[in-house]
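Tertiary structure, described
Below are the chains, spelled out letter by letter.
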Amino acid sequence: MYERLIQIEFNHCDPAGIVFYPRYFEMVNSVIENFFADVVGRSFASMHFGADNGVPTVAMEAVFQKPSRLGDKVRFTLRVERVGGSSVRLVIEGHGPDGLRLRAVMTLAWIEGMKAAPWPDEMRAALERYRETQNA
């Protein structure tokens, strides 16, 4: 399972010292961005600079279970649930020592020239391999 540990910093928090919920979406995006660079073989930089493609979010759903506070360390995990013709459905969870803090389900689409397009073969293969190892 793809994992990334993120420490909750002052800039993530509201005046009560807990994560302001939109900051979780920034953390989730960071996990996705690193997953694409580390596992899929395409960094966001390579997609956005010099290439006319990318993976915008087309749907997201989040459930916030418990608050995270300044100084907490949250372990985010990413699982590939489904690979479609031009989309991928990801499940990202954030866990603290006391259990699940949030669960986000994200659908991203592969685009070329601002239009949905089939996954390039090497990216589809990487996503499918990763999905299969998750279900093994």
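Refer to the structure presented above.
Residues numbered from 1 in each chain as written. Predicted model: local features only at pLDDT ≥ 70, side-chain atom pairs only at ≥ 80, totals over all residues. Heavy atoms only, no water.

1. Observations concerning the pattern of salt bridges
Here is the rule we go by: One speaks of a salt bridge when a side-chain nitrogen belonging to Lys or Arg is within 4 Å of a carboxyl oxygen belonging to Asp or Glu. Labels follow the DSSP assignment, with helices taken as runs of H or I lasting at least four residues and strands as runs of E lasting at least two, numbered in each case from the N terminus. Working definition: with a 1.4 Å probe on protein chains only, accessible area under 20% of the residue-type maximum means buried, over 50% means exposed, and in between means partly exposed.
Counted under the stated rule, the structure contains ten salt bridges. Arg75 is the salt-bridge partner of Glu3, the closest N and O atoms lying 3.3 Å from each other. Pair noted here: Glu3 is in strand E1 (residues 2-7) and Arg75 is in strand E4 (residues 73-83), with a separation of 72 residues, a long-range link. Here Glu3 falls in the partly exposed class, since its relative accessible area comes to 42%. For Arg75, a relative accessible area of 35% corresponds to the partly exposed category. Ionic contacts of the salt-bridge type, sharing partners, join the residues Asp72, Asp98 and Arg101 into one network.

2. Some points on helix H1 (residues 21-40)
Quick reminder of the rule: In this analysis, the expected span of each helix is defined as 1.5 Å times one less than the number of residues it contains.
For H1, spanning 20 residues, the distance from its first C-alpha to its last is 28 Å, which sits close to the expected 28 Å at 1.5 Å a residue. Just beyond H1, the residue with positive phi is Gly41, at close to 90°.

3. Some points on the sheet that holds strand E8 (residues 115-116)
The test is simple: Whether two strands pair depends on DSSP finding at least two bridges between them.
With antiparallel pairing, the three strands of this open sheet are ordered in space as E2-E7-E8. Two strands bound the open sheet, and with one partner strand each, they are strand E2 (53-54) and E8. As paired strands, strand E7 (residues 111-112) and E8 are joined by two bridges and run antiparallel to one another. The residue of E8 that forms the bridge with Ile111 is Ala116.

4. Some details on the side chain of Thr77
Formally: Residue contacts are counted whenever heavy atoms from the two residues lie within 4.5 Å of one another.
Structurally, Thr77 is set in strand E4. Leaving out residues up to four positions away in the same chain, Thr77 has contacts with Met1, Tyr2, Glu3, Val91, Ile92 and Glu93.

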